[in-house]
Each structure stands twice: as C-alpha cells, then as structure tokens.
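The lines below spell out each chain.
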Amino acid sequence: MYLLCYGRSDKSKSIIKTVLSGLSGRQIDSTEFFASDIKSPENEQICLVLVLPLEAACGLLTRSLSSELASLPVICVSPEGSFAAALRYGNGIPSEVSETVNSIAANLGSACFTGFGSISDIAKDLSVVTESVPMTVSDDALYDKINAHIRSGGRVSVYSDLPVTFEEPVLDQMVFELHKYSQEMHDDFIGKYTELDSSEGPNPAVFITCRKLPEGGKGKVLVLMPRLVCIGVELKSKADPQYAADTVRSSLENHLIDPKAVSVVAVSQSARDSEAIRTISDKLGVPVVFYEGRELSNVRLPLKMTFAPERESDIATSAAFLASSGGKILFRRSGGASGVIFSAALRKGNISMTD
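*Asks:* Would you mind showing me how to read the overall build of the chain here?
*Replies:* From N to C terminus, the chain includes 12 helices and 17 strands. Compactness check: the chain gives a C-alpha radius of gyration of 26 Å against a globular reference of 20 Å for 355 residues, more than 25% above the reference. Summarising its shape, the C-alpha atoms of the chain cover approximately 85 × 40 × 35 Å along the three principal directions. Every one of the 355 residues in the chain was classed for burial, and the buried ones make up 49%. Considering only residue pairs separated by 6 or more positions, the chain has 63% of its internal contacts joining residues 24 or more positions apart. For the chain, the accessible surface area stands at approximately 17,000 Å², while carbon and sulfur atoms represent 49% of it. Averaging the positions of the 35 positive and the 43 negative side-chain charges in the chain gives two centres separated by 5 Å.

*Asks:* Help me understand the sheet that holds strand E2 (residues 24-28) in this model?
*Replies:* Through backbone hydrogen bonds, the strands of a sheet pair up, either in parallel or in antiparallel fashion. If you walk across this open sheet you meet the five strands as E2-E1-E3-E4-E5, and the pairing is mixed. Among the strands making up the open sheet, the edge pair consists of E2 and strand E5 (84-88). Neighbouring strand axes in the sheet, compared pairwise and without regard to direction, differ in orientation by 25 degrees on average. Note that strand E3 (residues 46-51) and strand E4 (residues 74-77) share four bridges and pair parallel. Bridging across to E4, leucine 48 finds its partner in valine 74. This element, helix H1 (residues 10-19), spans strand E1 (2-6), E2, E3 and E4 of the sheet and lies at about 170 degrees to E1. Where helix H4 (residues 94-108) meets the sheet, its contacts fall on E1, E3, E4 and E5, and the angle it forms with E4 comes to roughly 20 degrees.

*Asks:* Please explain the pattern of salt bridges as it appears in this structure.
*Replies:* Two side chains carrying opposite charge are able to pair once their charged atoms lie near each other. By the definition in use, this model includes 10 salt bridges. Its salt-bridge partner being lysine 236, residue glutamate 234 comes within 3.4 Å of it at the nearest N-O pair. Three or more residues joined by partner-sharing salt bridges are found here, namely Glu234, Lys236, Asp314, Arg332 and Arg333.

*Asks:* Quick question: what am I supposed to make of the nonpolar core here?
*Replies:* The tendency in soluble globular proteins is for nonpolar side chains to be buried side by side. Counting 59 residues, the largest nonpolar core has Leu126, Ile231 and Ile280 as its most contacted members. Each residue touching leucine 126, except ones within four places of it in the same chain, is listed here: Tyr143, Ile146, Asn147, Ile150, Phe176, Val206, Leu222 and Met353.

*Asks:* Looking at this structure, I do not really get the pairing of E1. What am I missing?
*Replies:* Along any regular strand, the residues point their side chains to alternate faces of the sheet. E1 sits mainly inside the fold: five of its five residues count as buried. Burial along E1 is two-sided: Tyr2, Leu4 and Tyr6 and Leu3 and Cys5, pointing in opposite directions, are all buried. Of the pairings in the sheet, the one linking E1 to E3 comprises five bridges and is parallel in character. Counted as the bridge partner of cysteine 5 is valine 49 from E3. Crossover handedness for the path E1 to H1 to E2: right-handed.

*Asks:* What is the right way to look at the packing of aromatic side chains in this model?
*Replies:* One pair of aromatic rings is described through two measures. These are the centre distance and the angle between the planes. A complete count under the given rule lists seven aromatic pairs for this structure. Summarising the aromatic geometry, the rings of phenylalanine 166 and phenylalanine 176 are spaced 6.3 Å apart at their centres and angled 20 degrees between planes, so their arrangement reads as stacked. In this pair, phenylalanine 166 sits in the loop between strand E8 (164-165) and helix H7 (169-172) while phenylalanine 176 sits in strand E9 (residues 176-180), placing the two residues 10 residues apart along the sequence. Neither phenylalanine 166 nor phenylalanine 176 differs from the other in exposure class; each is buried. Ring geometry for tyrosine 193 and phenylalanine 207: centres 5.4 Å apart, planes at 80 degrees, overall edge-to-face. Of this pair, tyrosine 193 sits in helix H8 (residues 186-198) while phenylalanine 207 sits in strand E10 (residues 205-208), and the two are 14 residues apart along the sequence. The two residues tyrosine 193 and phenylalanine 207 agree in class, both being buried. Among the aromatic residues, those joined into a ring-pair cluster are Tyr159, Tyr181, Phe189, Tyr193 and Phe207. The ring centre of phenylalanine 290 lies 4.3 Å from the NZ or CZ of arginine 272, which sits over that ring.

Analysis parameters
Residues numbered from 1 in each chain as written. Predicted model: local features only at pLDDT ≥ 70, side-chain atom pairs only at ≥ 80, totals over all residues. Heavy atoms only, no water. Helix = DSSP H or I, 4+ residues; strand = E, 2+ residues; numbered from the N terminus. Rg over C-alpha atoms; globule rule 2.2 N^0.38 Å. Buried < 20%, exposed > 50% of the residue type's maximum accessible area, 1.4 Å probe, protein only. Contact = heavy atoms within 4.5 Å. Areas by Shrake-Rupley, 256 points an atom, 1.4 Å probe, with all protein chains shown as cover. Lys, Arg positive; Asp, Glu negative; His and termini not counted. Charge placed at Lys NZ, Arg CZ, Asp CG, Glu CD. Pairing = 2+ DSSP bridges. Axes fitted to C-alpha atoms, helices over the stretch in contact; angles between N-to-C directions. Salt bridge = Lys/Arg side-chain N within 4 Å of Asp/Glu carboxyl O. Core = buried A, V, L, I, M, F, W, Y, C linked by side-chain atoms within 4.5 Å. Right-handed = clockwise from strand over helix to strand, strands pointing away. Phe/Tyr/Trp six-rings, centres within 6.5 Å; stacked < 30°, edge-to-face > 60°. Lys NZ or Arg CZ within 6 Å of the ring centre and 35° of its normal.

In short, geometric facts, not functional conclusions.
Shown next as structure tokens:
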C-alpha cells in the first residue's frame, strides 16, 4: 500500500517518519491536498494515514473531500504513536488494510495498540435482508462465504436498482458500500454486473435486483432476487394454459424482469378458477389473489395508457396495482394475441439491509 500521511505538529511529523520506515508513501504538507487530485505510483492501493488525535481525524473525514479521497481506506495514528487503527476500509481490501495497520504498529514499537473493536459488531450479515423479503439467492455457498466475511469484519459492495435503505446509514455504510441505479440505467447496471462477474473487485459484490441478468455468469457475484413484482392477469378469450404461461414468462423477460422476481398473480374473482391462471401461477411458483369487480373498477391508476389515454382503469393493471399496495407500475397490458393480457407492478416499500 502507498501511504499518504498527514499531521500538523512537529511531533506528528516525526511520527510520520517512523510510520514510513520501510513502507511506501509520502508526507502531506497542507490541508489543500484534501480537495485535490491524487498522485501515487501506478497499480498501488492508496491509503490515507492521519497522524492526529482520534477526534480530529474523525472530524476531518466529515469535511468535503475530493471524490477520490472520499473512497480511500483511512488509518488513524495518534501523535504520540501509542495507537494505530483503521477508521474506514473504503475501497481497500480489509485484510490488506489490517496488514498495513500492523506494519505501522510494528514500526512504532511494542507499546502501540491496533484496534478499538471490529466492525463485525456494527451490522448483521445478509440474513437480515434475505429474511425481510422472500427472495431467491443465486449461490448458497457464496452467500455463506460473504456472510462469514461480514461477520469477520469485512466490507461488501452492494449494487441495486431497487429502493434499498439502511437503518443507521452512518454505521451501516462502514460495512456495506451501496451503489444505487435507477430503472433507466439498465446498460450501466448490466455493464457493472458483467465487469464484476469477470474480475473480482476489492470487496465481495452483491446485486439486489428484479432485473433479468445475463446468463452464464462465472459465479463471482452474489445475486439476491426479491419477489417484489406483482402481475395482474386478465383473460380476453379461451387460452391454452401452457401457451399462456410461456407467454407471461417470455414477456416478463422482454421487459427485462426476471420471472423469479414475481411474488403473486392477481386476477378478478371470476378468473380465479381458470386453468390458465392456475398454470401461470404454478409455473411461476407463486399464489393467486383475487379482487371483486367493484374493487378493480374503483382503482385510479397513476399511469395512463398511451394507446388509450381516455381509459382510466383496466382489470390487469388494477389487479397488479392493488396487489403491489399501490406500487410502481412497470408495464401495462402485455401479452398480445395469446388470449392473456397482463400488467406488472413493483411492490411498494423499501428493502432494509439492516435492522
């Protein structure tokens, strides 16, 4: 690691020379550095070392830093050289940051201690999110490995195009590095998945999405697929049950939605016993819910149909909207000539990573 060391007092600057004994790095002479670009040897991980009282080091991290500095791992060293500890792992590999802390402590002598407790005590593992919402886990072995990594004090990068939140953002972000994508950023989201699945990043990567991801992954990325999509189905004519089920599946994928993300099939009361509806729900592995005609006709939808803007409601979209508790309509009236028309809505509410 390449160490960028900052201290103000003469004692701190003396300690910096000891810190850098046998280690790669340099001293920072001015606070103007914190808003500037970083220059370091090529292909070396950069780490910021603050030789300051702990309160001052924490305060400095709350100020406006350049985007590059804001993602760096940070180590605090006391001006007396009595302790050295990681304040933030940032984009660094936790084991390498810990190794650097130990190297600094070795330079400072046997009286230097190296920690105030592990970040494993800050947030629980992924079981919190997987138990809060029914979801499909792409790889059980990788899931267990990442949970063990979190419990040992490791950091995880989370990528999601769904509304993911933290219970305590300041603390939880020490464990989970969250990257949010909008539904319109499909190409960027898929590109990041493909990139991380091809070459491992500094932290384990977890994708939380209902989006259809590329097939044939290399298994380096864990995918958590919450069942948050509600589909409303309307029978327009007598439909072949298997053909109807295949149409629903292919249409979901054409709309970039993974069928494993569907949580429920919503229909009118008159359609609930249809063989086509039963086949659709069986193939998706989800239950059927039904609504009375009055409930469906009273729904006022937030999204108008572009091909029939004067029409305020329809059975398929109203059923999906009700089942999703008034969530976001993803698409309206797909299916075409299959005899089955269906709409999809994303269930309302946030996914909490922590409790």
